[in-house]
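Commentary on secondary and tertiary structure
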Amino acid sequence: MVDLDLEQIIQSTLLQKWINPIWLDKAALEQLHQEFADAKPFKHAYMDQLIVEDQLERVIEVLTEQEFEIKDSDLFQLAQTADFDDLDQPILRSFKKMFQSDQFVALMEYITNVDLSNAVDMLGNIYSDTDYLLCHDDKLIKRKVAYILYLTDLEEEDGGALHLFDTKDEQPNKIVKRIFPRYNRLTFFEVTRQSFHEVGEVLQPDIYRVSISGWFNNTQEVEA
Amino acid sequence: MINPIYLKEETVRKLQSHYYQDPAFRSVTMAQFFTEKAMETILNEVMAAEFTDDQIATMYRRQISQTPKSIDTLIQSEEFINLLRQICGRQVEIIATRMYRYGHRDYKIISDDQESASYDIIIDLTPDWDDELGGFVAYTDGEGNFYRLGTTFGSVTLVESRDHHDYVKYVNHYANELKRYFIIINAK
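Procedures and definitions
Residues numbered from 1 in each chain as written. Chains lettered and ligands numbered in written order. Predicted model: local features only at pLDDT ≥ 70, side-chain atom pairs only at ≥ 80, totals over all residues. Heavy atoms only, no water. Helix = DSSP H or I, 4+ residues; strand = E, 2+ residues; numbered from the N terminus. Rg over C-alpha atoms; globule rule 2.2 N^0.38 Å. Buried < 20%, exposed > 50% of the residue type's maximum accessible area, 1.4 Å probe, protein only. Contact = heavy atoms within 4.5 Å. Areas by Shrake-Rupley, 256 points an atom, 1.4 Å probe, with all protein chains shown as cover. Buried area = accessible area lost by both parts, 1.4 Å probe. Salt bridge = Lys/Arg side-chain N within 4 Å of Asp/Glu carboxyl O. Polar contact = N/O pair within 3.5 Å; in protein donor to acceptor, adjacent residues only side chain to side chain. Nonpolar A, V, L, I, M, F, W, Y, C, P; charged D, E, K, R; others polar. Phe/Tyr/Trp six-rings, centres within 6.5 Å; stacked < 30°, edge-to-face > 60°. Lys NZ or Arg CZ within 6 Å of the ring centre and 35° of its normal. 1 Å grid on protein atoms, 1.4 Å probe; cavity = no way out; pocket = protein on both sides within 12 Å on 5 of 7 lines; lining within 4 Å. Points joined across faces, edges and corners; volume = space filled by probe spheres on them. Core = buried A, V, L, I, M, F, W, Y, C linked by side-chain atoms within 4.5 Å. Pairing = 2+ DSSP bridges.

Further remarks concern the overall build of chain B. Secondary structure assignment for chain B yields 4 helices and 11 strands. By the compact-globule yardstick of 16 Å for 188 residues, chain B fits well, its C-alpha radius of gyration being 16 Å. Taken along the three principal axes of its C-alpha coordinates, chain B extends 45 × 40 × 30 Å. Within chain B, buried positions represent 52% of all 188 residues. Within chain B, contacts between residues separated by at least 24 positions form 82% of all contacts whose residues are at least 6 apart in sequence. With an accessible surface of roughly 9500 Å², chain B has 43% of that area assigned to carbon and sulfur atoms.

On to the interface of chain B and chain A. Accessible area lost upon the coming together of the parts is a frequently used measure of interface size. Contacts between the two partners involve 16 residues from chain B and, on the opposite side, 21 residues from chain A. Summed over both partners, the interface of chain B with chain A buries about 1400 Å², with 61% contributed by carbon and sulfur atoms. Residues lysine 169 of chain B and aspartate 72 of chain A are paired through a salt bridge, measuring 2.4 Å at the closest nitrogen-oxygen approach. Taken together, chain B and chain A are joined by 10 residue pairs in polar contact (both at pLDDT 80 or more). In the side of chain B that touches chain A, the residues fall into 9 nonpolar, 4 polar and 3 charged.

Another aspect to go through is the packing of aromatic side chains. What the rule picks out here adds up to 21 aromatic pairs over all chains. Between phenylalanine 25 of chain B and tyrosine 147 of chain B the ring centres are 4.5 Å apart and the planes differ by 10°, which places this aromatic pair in the stacked class. Here the residue phenylalanine 25 of chain B occupies a position in the loop between α1 (9-19) and β1 (27-30), and tyrosine 147 of chain B occupies one in strand β8 (residues 146-148), the gap between them amounting to 122 residues. Overall, the relative accessible area of 15% leaves tyrosine 147 of chain B in the buried class. Three or more aromatic residues link up through ring pairs in this structure, and these residues are Trp18, Phe95, Phe99, Phe104, Tyr147 and Phe216 of chain A. Lying over the aromatic face of tyrosine 60 of chain B, arginine 62 of chain B brings its terminal NZ or CZ to 3.8 Å of the ring centre. Positioned above the aromatic ring of tyrosine 119 of chain B is the side chain of arginine 162 of chain B, whose terminal nitrogen or guanidinium carbon lies 5.6 Å from the ring centre.

Quick look at the environment of arginine 62 of chain B now. All names here are of chain B. Its location among the elements puts arginine 62 in strand β3 (residues 60-65). Not counting chain neighbours up to four residues away, the residues in contact with arginine 62 comprise Thr52, Asp53, Asp54, Tyr100, Arg101, Tyr102, Asp106 and Lys108. Among the polar contacts made by the side chain of arginine 62, one reaches the side chain of tyrosine 102 at a distance of 3.5 Å.

Now for the layout of surface pockets. Residue and element names in this part refer to chain A. In this structure, the largest pocket spans a volume of roughly 520 Å³. Considering the residues around the largest pocket, the lining is formed by 27 residues, among which Gln80, Leu133, His136, Asp138 and Trp215 are closest to the centre. Looking at the lining of the largest pocket, the elements that each hand over two or more residues are β3 (76-80), β4 (123-127), β5 (132-136), β6 (143-150), β10 (197-199) and β11 (209-217). Looking at which element gives the most residues to the lining of the largest pocket, the answer is β11, with 5 residues. Here the residues of the lining of the largest pocket are counted per class, giving 14 nonpolar, 7 polar and 6 charged.

With that settled, the discussion passes to the nonpolar core. Ranked by size, the top nonpolar core spans 51 residues in total, and within it Ile19, Phe95, Phe104, Phe188 and Ile212 of chain A carry the most contacts. It is helix α6 (residues 102-112) of chain A that contributes the most residues to this core, 6 residues altogether. Those residues in contact with isoleucine 212 of chain A that sit more than four places away from it in its chain are Val59, Leu63, Phe84, Phe95, Met122, Leu123, Gly124, Asn125, Tyr147, Ile148, Leu149 and Leu151 of chain A. Counting 35 residues, the second largest nonpolar core, distinct from the first, contains Tyr6, Phe33, Ile87 and Val156 of chain B.

Attention now moves to the pairing of strand β7 (residues 137-140) of chain B. Residues and elements named next belong to chain B. Neither face of β7 is open: one carries Val137 and Tyr139, the other Ala138 and Thr140, and all of them are buried. With 4 bridges connecting them, β7 and strand β10 (residues 165-168) associate as antiparallel partners. Residue pairing across strands places tyrosine 139 opposite aspartate 166, the latter belonging to β10. By the bridge criterion, 3 bridges tie β7 to β8 in an arrangement that is antiparallel. Of the residues in β8, the one forming a bridge with alanine 138 is arginine 148. Hairpin connection, β7 to β8: the antiparallel pair is bridged by 5 residues, and glycine 142 has positive phi, about 80°.

Interpretation in functional terms is not warranted from these geometric data alone.
Printed below as a string of structure tokens:
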């Protein structure tokens, strides 16, 4: 858990460099905190236009030059980079450092009310025509909050939306919410044994769902 | 109803040899396994079958139906059981059989909870299917090795499935209204 109050988070020069001022606002964050807590079928929220535009453009320019390895199994089909820690790219490392800074972790803790450590996973993903990720809960001991920063816009007919399932008898039941990829939208949700979700198949040729995703972890907590 | 070529000693020897070729994953696919007349009867039964949804999102999404009568007759026949025994060198006992239909958005994921049978017999009843659409059956040993079956319309594939888990690849949108039909027989 990071010991910073909301005022210290908002005044952080690091966050002011990276985060759109509309989100460094007490009232906006209080509202988001409430939206996250009240969200159904499980706790989630999203922040549009999160990253300062020219900073995000620099990240995207370098990210799209990286090697994306094709991942193909029973559960998923997509292309993915290595973790940004393993890519020799200063701008990508700086971006990840901002995400795992005390200030940003404290911001996420405030919004989600989940204890987090500074351990963050971060990978680049490209879903192209027919790619998908089937229903799962993301649950591993250390994973606490999953996030996706979308870098492209997709419309309903393109597929690629994040589908959230409600549950019945602790099993996924029906898709009750779809969150569409929007450029510079950070979507995040609390990881629990009930956080069943999937990425819908991309349904169009020449459409790419590009994102940066990963998890905010808590490496101090050991599950019973 | 079995194509007479599969009842010849010479063919059985070749099938045995093929089955034992890869010790890590023993399997053999017998193309055009049925006589033309039997195939026609089976297909008519498949097309007339009533399917119901079978879905647990974290495991599978598909439709299931009772096995056609002609297939029940086949799996109870001495010549079929003998053929399986001759190929794998052991007595094979059928324990379950079911017909599956996979269309766009359908899949089966590997499940750790799933108990593997000793043998799976997969009957592919899908004319005009391209594996680029997904919907193919594959197996994994859990150590990163994947084995994709090269089934074709009218083929019967025998797999030694103990220590392996099967999955059916997600069927993508290019399938449109096409459906893939399988009968999967579990044996010990």
